[in-house]
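Results of the structural survey
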Amino acid sequence: MTTPTRLFSRGSYPEATRIAAVLRKETIGGALLLVGTVIALVWANSPWAESYEALRDTRVGPESLHLDLTLGTWAADGLLAIFFFVVGLELKREFVAGDLRDPRRAALPVAAAVGGMVVPAVLFVLVNLGTGDGALRGWAIPTATDIAFALAVLAVISTHLPTALRTFLLTLAVVDDLLAITVIAIFYTSELAVTPLLLSLVPLAVFGFLVQKRIRSWWLLIPLAVITWVLMHESGVHATVAGVLLAFTVPVVRSQAAGGPDAGPGLAEHLEHRIRPISAGFAVPVFAFFAAGVTIGGFSGLVESLSDPVAIGIVVGLVAGKTLGITGATWLVSRFTRAELDESLGWPDVIGLSMLAGIGFTVSLLIGALAYGEGSLRDEHVKVGVLVGTLTAAALAAILLKSRDRRYRRIAQEETEDLNADGVPDVYQTEDGRQIRTVDDKATHDPDWKGTPPPGRTTGPSSDT
């Protein structure tokens, strides 16, 4: 009798430590995002609201290049391109050199991300079927998950979420962001200029050639990235798409000529370490500051905004849609693959994590502005809907996850216990004391692991990708 595959089982130790480092940076970014949001809301609802709007609408940039944009637009189109560049690097690394290079382990977060986008979109459409006036253009608003905001909530409630759940949340959010940028490129490109789009492929190709040759010179890479962004912006495709495309050209692992994977982190991880602090610590908080400043107008204004079916659809999508979509997709994966949850976890943990994924902020606000026009009345209602839906999802997730914290504390203790004092927690070691370093080690030594890596591989892929 074979042992069933486990969902939400621990990955390898190197991957666990890397994910922990990434999440620490994102948690700090989440705190700054919250600060920027609060400042924007307070300022926009103060007697000095006009000065906030004047700052947001200040135009800077060369008019001859059609780049005389408002500061709010620069934040949405420019700074978020940095954010999506990091997302692209993280996603490529996960599927090329991370634990998710095994299809069976990747199936769950990918399916959950798809379910977490489809169900909120369907609920939004159902709520707004008879609304008219272009309301259905906002169907994609409640489909995004804001990982920084979610991690900030976890930090506030001080829950000891297990490594497997944190890894799943990060991977889910990254796949979610990739799907969101695909939706933006396909459904929110109103006019397409073919010539600039084709021209953007030239600096993109040169950038890709240089990074494949392991050239790290900033004075070469940054100008090429900026030119790609400018041409993408001119084409009518949302300029943040350039960030993802640039990231996908970066190699993840070292070539054998450069020493192979054992020689240290590849260029993708090097760039991620350099750029993630800029994304989490500056780009996203500044975008939140310019995007979240909505004048609510007191309780009556809040009621008026939430009477718009668009705002209601967003709240329903974020709170109910994300929970149903992610939990339902996880159940389907379990049902059709005959996999079982890890013995230390239960379905309440999945539901709580699904609620936490209903924290949709950064990308939701971006899609709202694209759907209805930045600064329009309906865009203001979108901001209220996103804020209310996000806070509601955060509160419900906090209550459920906090109620499970005693269990999480026990798991956290197991994941840090090192009885032989060798610097590696015992749960990441085999019975003979050898460290489980890779997915391949899991396949060899963990009976719950059902991956089928190529024979003889022990350190991960060795070719340039």
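Numbers given for residues are sequential positions, taken from 1 along each chain in its written order. Totals for whole chains, interfaces and linings use all residues, but because this is a predicted model, local features are given only for residues with pLDDT of at least 70 and pairs of side-chain atoms are given and counted only at 80 or more. Computation of side-chain values: all heavy atoms of the structure, hydrogens and water removed.

Glancing now at the overall build of the chain. Where helices and strands are cited, they refer to DSSP runs of H or I of at least four residues and of E of at least two residues respectively, numbered from the N terminus. Summing up its helical and strand segments, the chain has 17 helices and four strands in all. Burial classes follow relative accessibility: with a 1.4 Å probe on protein chains only, a residue under 20% of its type's maximum area counts as buried, one over 50% as exposed, and anything between as partly exposed. The burial tally for the chain puts 54% of its 465 residues in the buried class. Looking at the chain as shown, the accessible area adds up to about 20000 Å², and 65% of this sits on carbon and sulfur atoms. Reported accessibility uses the Shrake-Rupley method at a 1.4 Å probe radius. Residues are deemed covered only where the shown protein chains occlude them.

The topology assignment puts Gly368 in helix 14 (residues 362-372). Gly368 sits in the buried class, given a relative accessible area of 0%. Only heavy atoms matter for contacts: two residues are in contact if any of them lie within 4.5 Å across the pair. When neighbours within four sequence positions are excluded, Gly368 is seen to be in contact with Ile141, Gly373, Asp379 and Val382.

Where helix 1 (residues 13-44) meets helix 3 (residues 71-96), the closest approach of the two axes is 13 Å, and the angle between their N-to-C directions is 170°. The angle between helix 1 and helix 3 places the two elements in the roughly antiparallel class. Between helix 1 and helix 3, the contacting residues are Glu15, Arg18, Ile19 and Val22 on the first element and Glu90, Arg93 and Glu94 on the second. Note that Gly is not counted as nonpolar here; it falls among the polar residues with everything else outside the nonpolar set of Ala, Val, Leu, Ile, Met, Phe, Trp, Tyr, Cys and Pro and the charged set of Asp, Glu, Lys and Arg. Looking at the contact of helix 1 with helix 3, its residues break down into two nonpolar, no polar and five charged. Only C-alpha atoms enter the line fits that serve as axes; for helices the fit covers just the stretch in contact. Angles between N-to-C directions range over 0 to 180 degrees. Just so you know how the angles are binned, under 35 degrees is roughly parallel, over 145 roughly antiparallel, 65 to 115 roughly perpendicular, and the rest oblique.

Time to look at a nonpolar patch on the surface. A surface patch of nonpolar side chains, amounting to about 570 Å² of accessible area, comprises Val110, Val114, Val118, Val122, Leu126, Leu129 and Leu136. Checked against the element boundaries, Leu136 lands in the loop between helix 4 (103-127) and helix 5 (147-157). Overall, Leu136 belongs to the partly exposed group, its relative accessible area being 35%. Nonpolar side chains (Val, Leu, Ile, Met, Phe, Trp, Tyr) are joined into patches within 5 Å and like charges within 9 Å, using only residues with over 30% relative accessible area and no salt bridge. Salt bridges are identified by distance alone: a Lys or Arg side-chain nitrogen within 4 Å of an Asp or Glu carboxyl oxygen.

On to the environment of Phe287, then. Locating Phe287 in the fold gives a position in helix 10 (residues 267-291). Here Phe287 falls in the buried class, since its relative accessible area comes to 3%. Distance from Phe287 to Gly72, taken between C-alpha atoms, is 7.3 Å for residues 215 residues apart in sequence. Not counting residues within four places of it along the chain, the set of residues in contact with Phe287 comprises Ala75, Ala76, Leu80, Thr362, Leu365 and Leu366.

Here we come to the nonpolar core. Only buried residues count toward a nonpolar core, which is a set of Ala, Val, Leu, Ile, Met, Phe, Trp, Tyr and Cys residues joined through side-chain atoms within 4.5 Å. One finds Phe8, Leu356 and Phe361 to be the most contacted residues of the largest nonpolar core, which totals 95 residues. At 14 residues, the largest contribution of residues to this core is made by helix 6 (residues 163-187). Dropping the residues within four chain positions of it, Phe8 is found in contact with Leu108, Ala164, Leu165, Phe168, Thr330, Leu341, Asp342, Leu345 and Val350. One finds Phe85, Leu89, Ala97 and Ala268 within the second-largest nonpolar core, a separate group that totals 18 residues.

Structurally, the position occupied by Gly130 is in the loop between helix 4 and helix 5. Owing to a relative accessible area of 77%, Gly130 belongs among the exposed residues under this scheme. Between the C-alpha atom of Gly130 and that of Pro309, which follows or precedes it by 179 residues, the distance is 9.4 Å.

This next bit is on the packing of aromatic side chains. Whether two aromatic rings pair depends on their centres lying within 6.5 Å, for rings of Phe, Tyr and Trp, where Trp uses its six-membered ring; planes under 30 degrees apart make the pair stacked, over 60 edge-to-face, and the rest tilted. According to the stated counting rule, one finds eight aromatic pairs in the structure shown. Where Trp43 meets Phe289, the ring centres are 6.0 Å apart and the plane angle is 45°; that geometry is what we call tilted. Of this pair, Trp43 sits in helix 1 while Phe289 sits in helix 10, placing them 246 residues apart in sequence. Here Trp43 falls in the partly exposed class, since its relative accessible area comes to 26%. Ring centres of Phe149 and Phe361 lie 5.4 Å apart, and the angle between their planes is 70°; this geometry places the pair in the edge-to-face category. Placement of Phe149 in helix 5 and of Phe361 in the loop between helix 13 (347-356) and helix 14 is noted, with a sequence separation of 212 residues between them. Given the relative accessible area of 6%, Phe149 is considered buried. Residue Phe361 is classed as buried on the basis of its relative accessible area, which comes to 1%. One aromatic cluster in this structure is built from Trp43, Tyr52, Phe289 and Phe290. A cation over an aromatic ring shows up here: Arg335 above the ring of Phe336, its NZ or CZ 5.9 Å from the ring centre. A ring is scored as having a charge over it whenever the NZ atom of a lysine or the CZ atom of an arginine sits within 6 Å of its centre and within 35 degrees of its normal.

What follows is about the packing of helix 6 against helix 9 (residues 240-248). Viewed as axis vectors pointing N to C, helix 6 and helix 9 meet at an angle of 130°, and their least axial separation amounts to 10 Å. Classified by the angle between their axes, helix 6 and helix 9 sit oblique to one another. Relative to helix 9, helix 6 is oriented so that their crossing is left-handed. Residues Leu178, Ile181 and Ala185 of helix 6 pack against Thr240, Val241, Val244 and Phe248 of helix 9. Broken down by class, the residue content of the contact of helix 6 with helix 9 amounts to six nonpolar, one polar and no charged. Should the near helix be turned anticlockwise from the far one by less than a right angle, the crossing is left-handed, and should it be turned clockwise, the crossing is right-handed.

On to the pattern of salt bridges. As enumerated under the stated definition, the model contains 12 salt bridges in all. Through salt bridges with shared partners, a single network forms among Glu26, Glu90, Glu272 and Arg276.

Note: most peptide bonds trans; most residues except glycine with negative phi. Positive phi, normally seen in glycine, also occurs at Asp133, with a value near 55°. Note on placement: Asp133 falls in the loop between helix 4 and helix 5. Positioned with a positive phi, Arg214 is a non-glycine residue whose angle comes to about 65°. Examined against the element boundaries, Arg214 turns out to sit in the loop between helix 7 (194-212) and helix 8 (218-235). Residue classification places Arg214 among the partly exposed residues on the basis of a relative accessible area of 24%.

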